[in-house]
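Structural characterization, general
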Amino acid sequence: EVQLVESGGGLVQTGGSLRLSCATSGFTFDDYAIGWFRQAPGKAREGVACINGRNGITRYADSVKGRFTISSDNARLTVYLQMNSLKSEDTAVYYCASDFGERSCPYYYDDETSFGDWGQGTQVTVSS
């Protein structure tokens, strides 16, 4: 059973930082890509970043490039999203998702249909 559990969300001020964690289980980590998505109320879910479990390739949405960093601790089966210089427009529920076969990353990091299993999400609120 594939499981993903996000944690680390919270309330921060503009310009602050948070580190989100995605703890995974139930699969061979290097056979998967992990993506981070976010969804604000009333808006479509958008891809934020992804990491390829086999080759380590990463990709970022233009809106977060230079501010967010995705990384993985393969031994702990955990993927992180370090978020710096947070803006009010970063406010959203953040989800991690897995893609068996790693085909989503880097080319289809923003394609929800490429990811089969999703976590429950963690709320990030950036005060303005």
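So, a few notes on the structure that sits alongside this text. Everything quoted here is computed from the prediction, not taken from an experiment. Each chain carries its own residue numbering, running from 1 in the direction its sequence is written. Two thresholds apply to this predicted model, a pLDDT of at least 70 for residue-level local features and 80 or more for giving and counting side-chain atom pairs, whereas whole-chain, interface and lining totals are computed over all residues. Where side-chain values are given, they derive from all heavy atoms of the structure, hydrogens and water being excluded.

**Comments concerning the packing of aromatic side chains**
Two aromatic rings from Phe, Tyr or Trp, using only the six-membered ring of Trp, form a pair when their centres are within 6.5 Å; if the ring planes differ by under 30 degrees the pair is stacked, by over 60 it is edge-to-face, and anything between is tilted. A complete count under the given rule lists 7 aromatic pairs for this structure. Arranged with centres 4.0 Å apart and planes meeting at 45°, the rings of Phe27 and Tyr32 form a pair that is tilted. Buried residues are those whose accessible area, probed at 1.4 Å on protein chains only, stays under 20% of the maximum for their type, while exposed residues exceed 50% and partly exposed ones sit between those limits. Exposure remark for Phe27: the relative accessible area of 11% places this residue in the buried category. In this structure Tyr32 comes out as buried when scored by relative accessible area, which is 11%. Here the aromatic rings of Tyr95 and Trp118 are separated by 6.5 Å at their centres, their planes lie at 75°, and the arrangement is edge-to-face. Here the residue Tyr95 occupies a position in strand β9 (residues 92-100), and Trp118 occupies one in strand β10 (residues 117-118), the gap between them amounting to 23 residues. A residue is classified by how much of its surface remains accessible, and Trp118, at 24% relative accessible area, is partly exposed. Members of the aromatic cluster, each reached through a chain of ring pairs, are Phe27, Phe29, Tyr32 and Phe100. Secondary structure elements are taken from DSSP: a helix is a run of H or I of four residues or more, a strand is a run of E of two residues or more, and numbering for both begins at the N terminus.

**Considering the state of the cysteines**
In what follows, a disulfide is any cysteine sulfur pair within 2.5 Å. Taken as a whole and judged by the stated rule, the model has 2 disulfides. One disulfide in the model links Cys22 with Cys96; its S-S distance is 2.1 Å. Residues Cys22 and Cys96 are joined through a disulfide that is right-handed, its torsion about the S-S bond being 75°. Here the residue Cys22 occupies a position in strand β3 (residues 18-25), and Cys96 occupies one in strand β9, the gap between them amounting to 74 residues.

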